[in-house]
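Here's the letter readout for the chains.
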Amino acid sequence: MVIETSDSTTGRSSVGHTAGDDQSGDPVARVPVTPDTDDGGRSERPEVASPSLAAVVTARADSTAPTDDDVKIDIEGLNVYYGATLALSDVHLQVPSGQVTALIGPSGCGKSTLLRSINRMNDLIEGARVTGGVRLGGVDVYDRRTDVVLLRKRIGMVFQKSNPFPKSIFENVAFGPRIAGVRGREQLSQIVERSLTRAALWDEVKDRLHHSALQLSGGQQQRLCIARALANDPEVLLMDEPASALDPASTARIEDLIFELRGQYTIVIVTHNMQQAARVSDRTAFFYQGLLVESGPTVEMFTCPSQQRTEDYITGRFG
Amino acid sequence: MTAASTQNSAPRQRRWRRRVDQSFEWFCMAATLSSVVILIGMLWAIIHEGAGWLSWSFLTNYTSVHPEKAGILSALVGSLWLIGLTAVFSVVVGVGAAVYLEEYARDIWFKRLVQLNISNLAGVPSIVYGILGLVLFVRGLSSVTGGRSVLSGALTLTLVVLPIVIIASQEALRAVPKTIRQASYALAATRWQTVWHHVLPAAMPGMMTGVILSLSRAFGEAAPLIIVGAWAQVRFVPSGMRDEFTVLPIQIFEWSSRPQAEFRELAAAAILVLLVMLLCTNGLAVFLRYRYGRKVKW
């Protein structure tokens, strides 16, 4: 890892270590983490220039705007099995409404599993079994009577690898509303424009809405996927390492976008990038080997974690 | 060995090695060319024999005992009828089965059993399907199919091509990335919407290629149809699904087994027609693959 080549104080070198160790733990995250950690060129958030996690967190602590303490997602005693393997064990987590919650932890710790069990994408995995409760705004997600289609309409999801449909940009965004019954061309156009605007993509694509989405760059494709999720007007946005396959500039745009979207949406983001968690999230939950080790406000988690393992992970002693 | 002897034998060895190398290359080239030569030879023989008999009246006349009056109208139209019906049946059933197996069926013993059966059925000789068709469609369901009819023949040919259509369609479906399905489900799509809007369109070129190639195989089938009861002396064009019929391969077979040389030449002419039609369908398959294959990329 070459993160602080120029000037290295002790605090900062330990940060560099964190990212490095995190990376070695997960080959998937290897590519994106490197550029992501040295994005000194970003002027709009000067605190990023200094990559000390504690500094990052405290510098932007004041911008933790929505302190609306309504619980949006209430996870009570959640266990997830893949066949005979216990992937998540007895997780209790409350995700407050309108805030950004980051799930961190080494690879295979179950954070993506948790994300998928919120909108029941685990249903698609053969052999996956869930016990315990997840409630979304009072609705029991795993109740027999819960309509999974209605549930997923309330919960948008963005995947690690951008996955636009091999159709036009317009059709990509319009798909969700269309299958939900929106028919009018005018109405669909409005939704598409609004969603693309919210995802900060409108200006770049407004002249080529009917071109193939696959012609967009990687970062644009990922923002298109976000726009597509927003078109359904969800309450919750689940993001599974949304920037891990992107270059630093695109990563920065996605992070800015997450920053802008909070308040309007409850966002749960899985990330391997500690810097990213520190930059964008209001709350952080640390997972290790299928257990939720600790969760709390991001500021506390990164400045004075109560668990030794959290501190070890954040400071890069393992990962 | 001394250094001197090595030096002495070196040029001879080198020459030998070069010769082995060279002759191996020639052998491989000959192997390649032999198939091409045989194909060209066959084509030339057929064209030489049959081209003289090709004429508009050859396409528009019924078969006859007089070679100069004989034509392939009933066989040609019968073949088109048969392939049209087979295409409809095999696409509906084959694609349906493939979608069920790939998108719906859970991976339990039932799916594996069905899968194993389909793979085995693909290798069953087509004449066996002819016997099945005779028992099932011609005799058993004669009230529906009308006995030795186009419908019976098409259903029998559907049995012949179905395993191949299913396997080709399954492969096309499997080639559609999981991420597309995930994206669709995450946008609150039902399984039907996911399959209809995303999976099937993406798999369509591959499916169509498989369907067309297996249909062109069915186009040349004679064995099961002989058993099902297509016969060569048909002097009318089928006007409905329950009419009797004949097809090109059977017409060819019947003519070539006659003693007169003229009929063998007629058979060659009919083979030319059959080959041109096969070439067209295969060309269509290639066209579809390129035309739609390019649009869908991940």
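Please read all numbers here as calculations on a predicted model, not as lab measurements. (Residues numbered from 1 in each chain as written. Chains lettered and ligands numbered in written order. Predicted model: local features only at pLDDT ≥ 70, side-chain atom pairs only at ≥ 80, totals over all residues. Heavy atoms only, no water.)

**So, the overall build of chain A**
Here comes step 1: A count of helical and extended segments in chain A gives 13 helices and 10 strands.
Here comes step 2: Taking all 319 residues of chain A together, 55% fall into the buried category.
Here comes step 3: Here chain A displays about 12,700 Å² of accessible surface, and carbon together with sulfur accounts for 49% of that area. (Helix = DSSP H or I, 4+ residues; strand = E, 2+ residues; numbered from the N terminus. Buried < 20%, exposed > 50% of the residue type's maximum accessible area, 1.4 Å probe, protein only. Areas by Shrake-Rupley, 256 points an atom, 1.4 Å probe, with all protein chains shown as cover.)

**Things to note about helix α4 (residues 109-121) of chain B**
All names here are of chain B.
Here comes step 1: Spanning 13 residues, α4 covers 18 Å between terminal C-alpha atoms, matching the ideal 18 Å at 1.5 Å per step.
Here comes step 2: Here α4 has its buried residues at Lys-111, Gln-115 and Ile-118. In an axial view of α4, the angular spread of the buried residues amounts to 65°, which keeps them on one side of the axis. Relative to its buried face, α4 has exposed residues pointing more than 90 degrees away, namely Trp-109, Arg-112, Leu-116 and Asn-120. (Expected span 1.5 Å × (residues − 1). Arc of directions from axis to C-beta.)

**Quick word on a positive patch on the surface**
Here comes step 1: On the surface, Arg-12, Arg-14, Arg-15, Arg-17, Arg-18 and Arg-19 of chain B cluster together into a positively charged patch.
Here comes step 2: Here Arg-14 of chain B shows up in helix α1 (residues 3-50). (Patch = residues over 30% accessible without salt bridge, like charges linked within 9 Å, V, L, I, M, F, W, Y side chains within 5 Å. Salt bridge = Lys/Arg side-chain N within 4 Å of Asp/Glu carboxyl O. Lys, Arg positive; Asp, Glu negative; His and termini not counted. Charge placed at Lys NZ, Arg CZ, Asp CG, Glu CD.)

**A short note on the sheet that holds strand β4 (residues 128-136) of chain A**
All names here are of chain A.
Here comes step 1: Read from one edge of the open sheet, 4 strands run β2-β1-β4-β5, paired in antiparallel fashion. Single-partner strands in this sheet number two, and they are β2 (85-96) and β5 (139-140).
Here comes step 2: Strand direction decides the pairing type here: strand β1 (residues 71-82) and β4, joined by 8 bridges, are antiparallel. Among the inter-strand pairings, Asn-79 is bridged to a residue of β4, identified as Thr-131.
Here comes step 3: Here helix α4 (residues 111-118) sits on the sheet and contacts β1, β2 and β4; the angle it forms with β1, its principal contact strand, is near 115°. (Pairing = 2+ DSSP bridges. Contact = heavy atoms within 4.5 Å. Axes fitted to C-alpha atoms, helices over the stretch in contact; angles between N-to-C directions.)

**Digging into unusual backbone geometry**
For residues besides glycine, phi is generally negative; the peptide bonds are generally trans as well.
Residue and element names in this part refer to chain A.
Here comes step 1: Located in the positive-phi region is Arg-120, a residue other than glycine, with phi close to 60°.
Here comes step 2: Residue position: Arg-120 is located in the loop between α4 and β4.
Here comes step 3: Non-glycine residue Ala-200 carries a positive phi angle of around 55°.
Here comes step 4: Its location among the elements puts Ala-200 in the loop between α7 (185-198) and α8 (202-205).
Here comes step 5: You can call Ala-200 partly exposed: its relative accessible area is 28%.

**What to know about the domain arrangement of chain B**
Residue and element names in this part refer to chain B.
Here comes step 1: Partitioning chain B into structural domains gives domain 1 (3-53) and domain 2 (58-295).
Here comes step 2: Computed from C-alpha coordinates alone, the two centres of domain 1 and domain 2 are separated by 39 Å.
Here comes step 3: Facing the 7 residues of domain 1 at the interface are 12 residues of domain 2.
Here comes step 4: Here domain 1 packs against domain 2, burying approximately 750 Å² in sum over the two surfaces, 79% of which is carbon and sulfur.
Here comes step 5: When the area that domain 1 buries against domain 2 is broken down by residue, the three leading residues are Ile-46, Glu-49 and Trp-53, summing to 78%.
Here comes step 6: The interface formed by domain 1 and domain 2 includes 1 residue pair in polar contact (both at pLDDT 80 or more).
Here comes step 7: Residue composition of the side of domain 1 that touches domain 2, by class: 5 nonpolar, 1 polar and 1 charged. (Domains from an automatic or database assignment. Buried area = accessible area lost by both parts, 1.4 Å probe. Polar contact = N/O pair within 3.5 Å; in protein donor to acceptor, adjacent residues only side chain to side chain. Nonpolar A, V, L, I, M, F, W, Y, C, P; charged D, E, K, R; others polar.)

**Describing the interface of chain A and chain B**
Here comes step 1: Counting residues at the interface gives 22 residues for chain A, matched by 19 residues for chain B.
Here comes step 2: Summed over both sides, the interface of chain A with chain B buries roughly 1,900 Å², with 67% coming from carbon and sulfur.
Here comes step 3: Ranking the residues of chain A by area buried against chain B places Glu-126, Phe-175 and Ile-179 of chain A at the top, with a combined share of 25%.
Here comes step 4: Linking chain A to chain B there are 0 salt bridges.
Here comes step 5: Counting across the chain A and chain B interface gives 4 residue pairs in polar contact (both at pLDDT 80 or more).

**Some details on the packing of helix α6 (residues 169-179) of chain A against helix α9 (residues 218-230) of chain A**
All names here are of chain A.
Here comes step 1: Where α6 contacts α9, the axes come no closer than 7 Å and their chain directions differ by 35°. Between α6 and α9 lies a crossing of right-handed hand. Judged by residue contacts, Ile-169, Asn-172 and Val-173 of α6 engage Leu-224, Ala-227 and Arg-228 from α9.
Here comes step 2: Considered class by class, the residues forming the contact of α6 with α9 number 4 nonpolar, 1 polar and 1 charged. (Left-handed = near helix turned anticlockwise from the far one by under 90°.)

**Looking at the pattern of salt bridges**
Here comes step 1: Using the criterion set out here, one finds 15 salt bridges over all chains in the structure.
Here comes step 2: Between Arg-258 of chain B and Glu-254 of chain B there is a salt bridge; the shortest N-O distance is 3.3 Å.

**Observations regarding the nonpolar core**
Here comes step 1: Residues Leu-196, Ile-226 and Phe-302 of chain A are the most contacted members of the largest nonpolar core, which totals 51 residues.
Here comes step 2: Looking at which element gives the most residues to this core, the answer is α9 of chain A, with 5 residues.
Here comes step 3: Not counting residues up to four positions away in its chain, the partners in contact with Leu-196 of chain A are Ile-169, Val-173, Leu-201, Trp-202, Val-205, Leu-209, Leu-224 and Ala-227 of chain A.
Here comes step 4: If you look at the next biggest cluster of nonpolar residues, it comprises 36 residues, including Phe-58, Leu-82, Ile-83 and Val-161 of chain B. (Core = buried A, V, L, I, M, F, W, Y, C linked by side-chain atoms within 4.5 Å.)

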